[in-house]
Amino acid sequence: MAYILRYCLMFCISILFSCTAQKKIVSANNQTIEYVLCGNVTKDMATISIKADKAGKCKINLIESLTGKIIKTKLLTVPDLADFIIKENFTGLKPNTKYTYQIFPEGNSSMLGGNFTTFSDKPFSYTFAFGSCMETGSNSDIFLKIKDENHLFFLQGGDLHYENIDSNCTPRFNEAYKRTFTSPHQSTLYRSLPFVYMWDDHDFGPNNADATNPCRKESVAAYHTHIPHYPFAFSDKEGPISQSFSAGRVMFILTDIRSQKIRPVYNECERLKTGTNFGSEAHLNWFLESMLKAKNEGKIVAWVSSYSWVNAPGGPNYKCKESDNWGGYPEERQRIANFLKEHQIPVFILSGDAHMVAMDDGSNSDYAENGGAPVRVFHAAALDRYGSYKGGPYSHGYSKEPGQYGVVEVIDEGKENICFKWYGKSKKGEKVINTEGKEISMEFCLKIPNKKAP
Ligand SMILES: [Fe+2]
């Protein structure tokens, strides 16, 4: 009897022990997914960036939203390095299709997910929102407003945070991205649509940063690790991170005019040495050739230049020692303008930096030799910072209120013209007005250029 009792006791203990041990295995890692971003979206692919709090295995499901069908499921290993980030590329997707993704961390029943819609493979109409400049980790309601508008994507044009990093580089970039992307309202927006991002000074390095930023290499590496971006035009570890993508018949060219920037040299107001925003012939040529390629493919160019194109002597904000906007680089600007004129590139410029909504219809933006390149310009900022007025003048005026963003409606019915509606929105959801009380908005159509064989 005693033998049987002892046997039963041992059996129970072993069961209890094995259960505890098993429970320990299941919950051992207790991983948390801190944030998820979706980017690099085209007509048939997307990249999901997953940031966990520790290494381990997590599972990702990709679901076709309409049918609820799981298209792909994959076990991912979050590596024990690079801030516990992993990127997953989904290829072979259907165009113009909404997808849902779900990330399940290891040893944790929670799930973090979001949605994106692939671009159409035909000419199509869509809207996108863009803006720049927000406090580090901003939780402004403006991000929820943008989310509610169901745009195809959100374009952040610089100053994603204001950490001004020029020392202790990598840990501070990791922290800056974490604070930004774990902000509940930003996270809600970025999980509802693709995120497109080009930096400016405060998020690339210190205020008015240029190629001399001591954290340049780490900044490029941190962007590459954290952001689900389009393919870089250059693979150099020191940048630039310039990139481009097409949505319908618009090619977006995102130029990195911070990481390679060489400032002009002044003696008082006299410019002794010219500067360059692109920093090298190779970089500038890539930009010019990309615009020509767009034209030859029958596309309109949306050039994302983080800071003001419109600024020249006699302008309302021009200072004689300009080095942080195009006003300080008249030679390089004229070269670009001459190229636009020579090749008749159908282009407009999207900018931030200045904390304002402003538009110019070409009246003040023509810098080609003897004129001939009146390019339309749309500034949209600040998402969550105080206001400021830079460059100009602008034909449609400006608004330097805090809490603003820009909306672009692309109206493409597959005909020979493509039309655009531009307007600014406030975080209250109202249309932005200029200093004279008039709505800052513009509508125009551009002729689709004839395609040319490469
Ligand atoms: Fe800014």
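Residues numbered from 1 in each chain as written. Predicted model: local features only at pLDDT ≥ 70, side-chain atom pairs only at ≥ 80, totals over all residues.

## A word on the domain arrangement of the protein chain
- Split by domain assignment, the protein chain resolves into domain 1 (33-115) and domain 2 (122-447).
- On a C-alpha basis, the centroid separation for the pair domain 1 and domain 2 is 28 Å.
- Going through the elements one at a time, β1 (33-39), β2 (46-52), β5 (85-90) and β7 (112-117) are the ones with two or more residues in the side of domain 1 that touches domain 2.
- For the side of domain 1 that touches domain 2, the leading source of residues is β1, giving six residues.
- For the side of domain 1 that touches domain 2, the class distribution of residues is eight nonpolar, eight polar and three charged. (Domains from an automatic or database assignment. Helix = DSSP H or I, 4+ residues; strand = E, 2+ residues; numbered from the N terminus. Nonpolar A, V, L, I, M, F, W, Y, C, P; charged D, E, K, R; others polar.)

## A look at the nonpolar core
- Counting residues in hydrophobic clusters, the biggest one holds 113 residues, and the most contacted among them are F128, F154, F252, I253, V301, A302 and V304.
- When residues of this core are assigned to domains, at least three map to each of domain 1 (33-115) and domain 2 (122-447).
- The contacts of F154, once residues within four sequence positions are left out, are F128, A129, I146, L189, L193, F195 and V196. (Core = buried A, V, L, I, M, F, W, Y, C linked by C-beta atoms within 7 Å. Buried ≥ 20, exposed ≤ 12 C-beta atoms within 10 Å, placed from the backbone. Contact = placed C-beta atoms within 7 Å.)

## With respect to the pairing of strand β18 (residues 376-379)
- Of the two faces of β18, the one holding R376 and F378 and the one holding V377 and H379 are both buried throughout.
- Strand direction decides the pairing type here: strand β16 (residues 347-351) and β18, joined by four bridges, are parallel. Residue pairing for β18: F348 is matched across the bridge by R376.
- By the bridge criterion, three bridges tie strand β17 (residues 357-360) to β18 in an arrangement that is antiparallel. Bridge pairing in β18 links A358 to H379. (Pairing = 2+ DSSP bridges.)

## Digging into the packing of helix α3 (residues 169-181) against helix α6 (residues 216-226)
- Between α3 and α6, the shortest axis-to-axis distance is 9 Å and the interhelical angle comes to 40°. Regarding α3 and α6, the two cross each other, and that crossing is right-handed. Contacts between α3 and α6 involve C169, T170, F173, N174 and Y177 on the former and, on the latter, E218, S219, A222 and H226. (Axes fitted to C-alpha atoms, helices over the stretch in contact; angles between N-to-C directions. Left-handed = near helix turned anticlockwise from the far one by under 90°.)

## Topic: α3
- Across its 13 residues, α3 extends 18 Å between first and last C-alpha, which sits within 8% of the 18 Å expected from 1.5 Å per residue.
- Looking only at α3, the buried set comprises F173, A176, Y177, T180 and F181. Buried residues of α3 fall within an arc of 115° about the axis and therefore sit on the same side.
- Buried positions along α3 lie against β1, α4 (184-190) and α6. (Expected span 1.5 Å × (residues − 1). Arc of directions from axis to C-beta.)

## Some details on the sheet that holds strand β12 (residues 250-254)
- One open sheet accounts for seven strands, arranged β11-β12-β15-β16-β18-β17-β20; its pairing is mixed. Looking at which strands have only one partner, the edges of the open sheet turn out to be β11 (243-247) and β20 (398-399).
- Note: β11 against β12, five bridges, orientation antiparallel. Of the residues in β12, the one forming a bridge with Q243 is L254.
- Its contacts with the sheet place helix α7 (residues 281-296) against β11, β12, β15 (300-304) and β16, and it is angled at close to 175° to β12.

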